[in-house]
Amino acid sequence: MLPMGMHANSWLANALASLDDGQDIVLVTVTATKGSSPRDHGSHMLVTKAGIWQTIGGGALEFDVMARARKMLASDDDDWQRQHMTVILGPDMGQCCGGQMSLLLEKFTAKQAGALAAFAQEDHHDQMLAHPLESGLPLTLQSAQSALDDAVFMAPVMPRQMPLFIYGAGHVSRALIPRLDGLGFDIFLVDIEAARFADDLGDNMQKLLAKAPEKIALRAPQGAVHLVMTHSHSLDEAICLQLLMRGDFAYLGLIGSKSKRARFAKRLAAAGVSPAMLDRLISPIGISEINGKSPAHVALSIAADLAIWQQLRDDAG
């Protein structure tokens, strides 16, 4: 079982799972980039003898890094073994990106499992995980203010996940959740009946059974993302009303047609929602370029819309 509050899609959770299965792992972290690079600073990949988790960009670079990682795994050195390398993607790897990446490879074995588990349990408020660039030194928790040390790479212990509440566990939700993997959401799937929850949605979400989902909307954290797609228009309306009266959400999307949005806008305005707040209700959700009506098409459209929204938000600031 994962420690409380630990995200199933974090590198730390996956590293501990591999170590618990008796597999040593190498954590690969992008510590710096310059110019055009396939992944951003802070991206992670895990390498075991049998497979990988996530990616640092694919192509020749990733194959070379995987080979280096597996050479580390084959060695007997289990004392915080590391390699720090800088690669110019064009001349060194024959990749067309033309940029430069610095990568840190860290080997973890059963010897480090206890320390990693302790980091997963600790309160990380205002602290970062300091990854030394040289072998032999343990990981430590340090204040974010100590990030000026060039001999370590500072990174959050856990990735910051934005809470995303999906109301309704139907076909679209089932198709959507796997497509949100890697987008940085901590997903909560809300429904009124346990039978509606699928059994094969993986670990990247929590199921919330609620007789009154609008109460979940009332108690959701500020700055969350909300997707409203229940089996009932009246329930959709109640959830939207609760969120719009609060007004402290980051994104509120309602599944349906333009005519559904118009009906909802009229009823929500009569219930006291201001015109400015109604403008924040995104409906229909998804991008217009993907307009198929199957659950798979709708899910792809919504996931793409959220990814675009994230990028615009990040670019703004």
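Heads up: the structure comes first, above all this text.
Residues numbered from 1 in each chain as written. Predicted model: local features only at pLDDT ≥ 70, side-chain atom pairs only at ≥ 80, totals over all residues. Heavy atoms only, no water.

Caption draft 1: Expanded view of unusual backbone geometry. Put simply, Ser-283 and Pro-284 share a cis peptide bond, and its omega is 0°. Relative to the helices and strands, Pro-284 resides in the loop between strand 14 (281-282) and helix 10 (295-316). Positive phi values are uncommon outside glycine, yet Gln-54 reaches one of about 65°. Structurally, Gln-54 is set in strand 3 (residues 52-54). Residue class for Gln-54 comes out partly exposed when judged on its relative accessible area of 35%. You will see that Trp-80, though not glycine, has its phi angle at about 50°, which is positive. Looking at the secondary structure, you find Trp-80 in the loop between helix 2 (59-74) and strand 4 (82-88). (Helix = DSSP H or I, 4+ residues; strand = E, 2+ residues; numbered from the N terminus. Buried < 20%, exposed > 50% of the residue type's maximum accessible area, 1.4 Å probe, protein only.)

Caption draft 2: Molecular detail of the sheet that holds strand 6 (residues 127-132). Reading across from one edge, 7-6-8 is the order of the 3 strands in this open sheet, with antiparallel pairing throughout. Looking at which strands have only one partner, the edges of the open sheet turn out to be strand 7 (140-143) and strand 8 (152-155). Neighbour to neighbour, the strand axes of the sheet diverge by 40° on average, direction disregarded. Of the pairings in the sheet, the one linking strand 6 to strand 8 comprises 4 bridges and is antiparallel in character. Along strand 8, the bridge assignment pairs Ala-130 with Met-154. (Pairing = 2+ DSSP bridges. Axes fitted to C-alpha atoms, helices over the stretch in contact; angles between N-to-C directions.)

Caption draft 3: Examining the sheet that holds strand 2 (residues 44-47) more closely. Across the sheet, which stays open at both edges, the 5 strands sit in the order 3-2-1-5-4 with antiparallel pairing between neighbours. Looking along the sheet, the strands with just one partner apiece sit at the ends: strand 3 and strand 4. Across the sheet, the mean angle from the axis of one strand to that of its neighbour is 20°, orientation sign disregarded. Direction of pairing for strand 4 relative to strand 5 (residues 100-108): antiparallel, over a ladder of 7 bridges. Within strand 5, the residue paired with Val-87 across the bridge is Met-101.

Caption draft 4: Layout of the pairing of strand 10 (residues 185-191). Counting buried residues along strand 10, 7 of its 7 residues qualify, which places the element largely inside the surrounding structure. By the alternation rule, side chains of strand 10 split into Phe-185, Ile-187, Leu-189 and Asp-191 and Asp-186, Phe-188 and Val-190, which are all buried. In the classification by handedness, the crossover that spans strand 9 (residues 162-167), the intervening helix 5 (residues 171-179) and the parallel strand 10 is right-handed. Summarising the sheet, strand 10 and strand 11 (residues 206-209) pair through 4 bridges and their orientation is parallel. Bridged to Val-190 within strand 11 is Leu-208. (Right-handed = clockwise from strand over helix to strand, strands pointing away.)

Caption draft 5: Broad picture of the pattern of salt bridges. Counting across every chain of the model gives 8 salt bridges. Among the ionic pairs, Arg-196 bridges to Asp-191, the shortest N-O distance being 3.2 Å. Overall, the relative accessible area of 5% leaves Asp-191 in the buried class. Linked by salt bridges that have partners in common, Asp-191, Glu-193 and Arg-196 make up one network. (Salt bridge = Lys/Arg side-chain N within 4 Å of Asp/Glu carboxyl O.)

Caption draft 6: The arrangement of the nonpolar core in detail. Residues Leu-164, Ile-166, Leu-176, Leu-227, Ile-302 and Leu-306 are the most contacted members of the largest nonpolar core, which totals 27 residues. Of all the secondary-structure elements, those providing two or more residues to this core are strand 9, helix 5, strand 10, strand 12 (225-228) and helix 10. A total of 6 residues in this core trace back to one element, the largest contributor, which is helix 10. Beyond its immediate stretch of four places on either side in the chain, Ile-302 contacts Val-172, Leu-176, Leu-227, Met-229, Ile-285 and Gly-286. One finds Phe-165, Val-190, Leu-254 and Leu-268 within the second-largest nonpolar core, a separate group that totals 23 residues. (Core = buried A, V, L, I, M, F, W, Y, C linked by side-chain atoms within 4.5 Å. Contact = heavy atoms within 4.5 Å.)

Caption draft 7: Summary view of helix 4 (residues 110-121). With 12 residues, helix 4 should reach 16 Å at 1.5 Å per residue; the first-to-last C-alpha distance of 17 Å fits that figure. In the core, the buried residues of helix 4 are packed alongside helix 1 (11-20), strand 5, strand 6 and strand 7. (Expected span 1.5 Å × (residues − 1).)

By themselves, these are just geometric observations and shouldn't be taken as functional.
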